[in-house]
Amino acid sequence: MPQPIAIIDCNNFYASCEQALDPAIAGRPVVVLSNNDGVIIALSNEAKALGIEKFTPVFKVKHLLTQHDVKICSANFRLYAYKSQQIMNLLGKFSPEVEAYSIDEAFVNLSGFSRFNLTDYAKEIREDIINKTGIPTTIGIAPTKTLAKIANRIGKKQFGYSVGVLDIYSDGNTEKYLKMTDIGDVWGVGRRYKKMLNGFNIHTAYDFAQAPDHWIRKRMSVVGLRTAWELRGMPCIDMKYEQPAKKMIMFSRSFGKKLKNKEDLVEAVALFTARAAERMRSQGSAAKYISVYLSTSRYAEKKYYEKCEMRLPVPTDATCEILSHTLKAVNECFEEGILYYKAGVLLSGLQPANNTQTSFLDTVDRYKMSRVTEAVDRINMKSGTDTVIYAAMGTKNEWKQNQNHKSQNFIDSDKLTIDIKRSVGFL
DNA sequence: TCTGGGGTCCTAGGACCC
DNA sequence: TCTGGGGTCCTAGGACCC
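A brief look at the structure comes next. (Residues numbered from 1 in each chain as written. Chains lettered and ligands numbered in written order. Predicted model: local features only at pLDDT ≥ 70, side-chain atom pairs only at ≥ 80, totals over all residues. Heavy atoms only, no water.)

### Remarks on the pairing of strand E7 (residues 137-142)
Each regular strand carries side chains that alternate between the two faces of the sheet. Operational definition: Burial here depends on accessible area, computed with a 1.4 Å probe over protein chains only, as a share of the maximum for the residue type. Under 20% is buried, over 50% is exposed, and the range in between is partly exposed. In this text, helices come from DSSP runs of H or I with a minimum length of four residues, and strands from runs of E with a minimum of two, each type numbered from the N-terminal end. Paired strands are those between which DSSP finds at least two bridges.
The buried fraction of E7 is high, at 6 of 6 residues. Side chains Thr137, Ile139 and Ile141 of E7 all project onto a buried face; the interleaved residues Thr138, Gly140 and Ala142 project onto the opposite face, where all are buried too. Both strand E1 (residues 5-10) and E7 contribute to a ladder of 6 bridges, which runs antiparallel. Across the sheet, isoleucine 8 pairs through a bridge with isoleucine 139, a residue of E7.

Structure representation (structure tokens):
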């Protein structure tokens, strides 16, 4: 007998965080912008009601925003991470088995609680969260994660259901919910697969669950097959109670304005390198591959994209060593006369730093280097990010992003656990 | 003028080794 | 006509997620 799995999903999370922080905008339309204030990444219900959609570039709806006096917020990920952690901690009081799935979602195993009325229990959870954090949530309950996602979606859309909670675990009428779910709204089915499935006359989650296993396996691999089984009520996707170490770490940003000087790009890439390396060290990994790219805007008339990849003889976690490679890469990728808009640093082939294969040909004094790196990390942890910086990061910051509408930065980063810092990546 | 930033998993094919 | 077989590592590409 499968166990009841709940998914707790925060409604309009980033926008709700801004509203929770500033009572003056509760009940008002609010939009949250991406890094660099380019597109809308979250909307309050009031903003959705104006017909604005997620991922719309700001300039396209400027008139609506002005006309309806919409509150505009630059993304404030520190705030969102802090709220997220509060919520995860609260969930821990309701079940010992919580999987923090993303910044605004958690799966919770309710198997110990099936003797209770699950809907009532979920309502208690919701109330506790909104009372203590100000964030509204929706809870879906089902025998599998994929079905719980469906319950959550339907619960969110239909207020006829017990407000904010839909339990299809106890309800026993899964078929009805599968029939009312479009195949493209199923967790694990994206745009491509939706199109392909529609071509075979599969339009709902129910249709998909009826398809033969070998057919699904052939066209959608084991991943698709797992989804089908989950829809049939057979759990195939395990709960993950511990965050596994990341296998690659990317730090990329678009710039606040276009850059044409190599020195400015060097500063940006140096900072991206430092950030990526910090994140990597926070999970105790070292990188075997380093890759750097420079590019123009996707919308530029004259497009340019150049990537430089390197394989290291010995994996490293030291910022200064990684820097020497990424800066060389900038030199190789750079071309005169291009208006650069974006750059990124990718560290991959990650492995445990304390267990790296060394080489006889290695000429680097690794002990000395790790002492330096540790000291820099320690100071920055204690006294704030960038108290000590590497010279290449510079101080001009020509690339700095626009953040013209940022809410108060009141949160002490010491209050956040390493895990949360890592998940939003601002260590 | 202004257009997101991260990640994961799976598969297939080639190189290389014994 | 026959053309080893199995294992691992690596890469690239395609799909997905929030």
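### Examining the packing of helix H4 (residues 77-94) against helix H5 (residues 118-133)
What counts here: To define axes, lines are fitted to C-alpha atoms, for helices over the stretch in contact only, and angles between the resulting N-to-C directions are given on a 0 to 180 degree scale. For a crossing to be left-handed, the near helix must be turned anticlockwise from the far one by less than a right angle; the clockwise case is right-handed. When checking whether two residues touch, look at their non-hydrogen atoms; a contact exists if any pair is within 4.5 Å. Charged residues are taken to be Asp, Glu, Lys and Arg, nonpolar residues to be Ala, Val, Leu, Ile, Met, Phe, Trp, Tyr, Cys and Pro, and polar residues to be all remaining types, Gly included.
At a closest axis distance of 10 Å, the pairing of H4 and H5 adopts a crossing angle of 145°. With respect to the hand of their crossing, H4 and H5 are arranged in right-handed fashion. Taken together, the residues of H5 that come into contact with H4 (itself represented by Lys83, Gln86, Ile87, Leu90, Leu91, Lys93 and Phe94) are Tyr121, Glu124, Ile125, Asp128, Ile129, Lys132 and Thr133. Looking at the contact of H4 with H5 residue by residue, the class counts come to 7 nonpolar, 2 polar and 5 charged.

### Digging into the protein's contact with DNA strand C
Basically, it comes down to this: Note on terminology: near, applied to a residue and a molecule or strand, indicates that one of the residue's heavy atoms is within 4 Å of it. For the purposes of these results, a polar contact is taken to be a pair of N or O atoms within 3.5 Å, where, inside protein, one atom must be able to donate a hydrogen and its partner to accept one; residues adjacent in sequence count only when each atom of the pair is a side-chain atom.
Neighbouring DNA strand C are 15 residues, the closest being Lys149, Gly188, Gly190, Arg192 and Tyr193. A share of 100% of the atoms of DNA strand C within 4 Å of the protein falls on sugar and phosphate groups. Contact between DNA strand C and lysine 149: a phosphate oxygen at 2.8 Å from a side-chain N or O atom of the residue. Here a phosphate oxygen of DNA strand C and a side-chain polar atom of tyrosine 289 are 3.5 Å apart. Those elements that place two or more of their residues in the surface near DNA strand C are strand E5 (98-102), helix H8 (191-199) and strand E10 (285-295). When residues in the surface near DNA strand C are grouped by element, the largest group, 3 residues, is from H8. Tallied by class, residues from the surface near DNA strand C come to 6 nonpolar, 3 polar and 6 charged.

### Points about unusual backbone geometry
Despite not being glycine, asparagine 12 shows a phi value in the positive range, around 45°. Take asparagine 12: it is sitting in the loop between E1 and helix H1 (13-21). On the basis of relative accessible area, asparagine 12 is assigned to the buried category, the value being 18%. The phi torsion at serine 221 lies on the positive side, around 60°, for a residue other than glycine. Structurally, serine 221 is set in helix H10 (residues 213-231).

### Some details on the nonpolar core
Here is a general trend for soluble globular proteins: nonpolar side chains tend to be buried in one another's company. So the rule is basically this: As used here, the term nonpolar core means buried Ala, Val, Leu, Ile, Met, Phe, Trp, Tyr and Cys residues forming a set that is joined through side-chain atoms within 4.5 Å.
Among the nonpolar cores identified, the biggest contains 39 residues, and Phe255, Leu265, Phe272, Leu294, Tyr340 and Leu347 are the most heavily contacted of them. If you list the elements that add at least two residues to this core, you get strand E9 (248-259), helix H11 (262-282), E10, strand E11 (305-316), helix H12 (319-333) and strand E12 (340-348). No other element matches the 10 residues that H11 contributes to this core. In terms of nonpolar packing, the next biggest core, distinct from the first, is built from 36 residues, Ile8, Ala15, Cys17 and Ala42 among them.

### A short note on the protein's contact with DNA strand B
As a structural note, the neighbourhood of DNA strand B is formed by 28 residues, with Met250, Ser252, Arg253, Ser254 and Tyr341 the closest of them. The sugar-phosphate portion of DNA strand B accounts for 69% of its atoms within 4 Å of the protein, the bases making up the rest. One of the side-chain N or O atoms of tyrosine 299 is found 3.4 Å from a base oxygen in DNA strand B. Elements supplying a minimum of two residues to the surface near DNA strand B: H10, E9 and E12. The dominant element in the surface near DNA strand B, judged by the number of residues it contributes, is E9, at 8 residues. Class assignment for the residues of the surface near DNA strand B results in 12 nonpolar, 7 polar and 9 charged.

### Some remarks on the sheet that holds strand E2 (residues 30-33)
Pairing is mixed across the open sheet formed by 3 strands, whose spatial order is E3-E2-E4. This sheet does not close on itself; its edge strands, each paired only once, are strand E3 (40-43) and strand E4 (71-74). Ignoring which end each strand starts from, the neighbouring axes of this sheet average 25° apart. The pairing of E2 with E3 spans 3 bridges and is classified as antiparallel.

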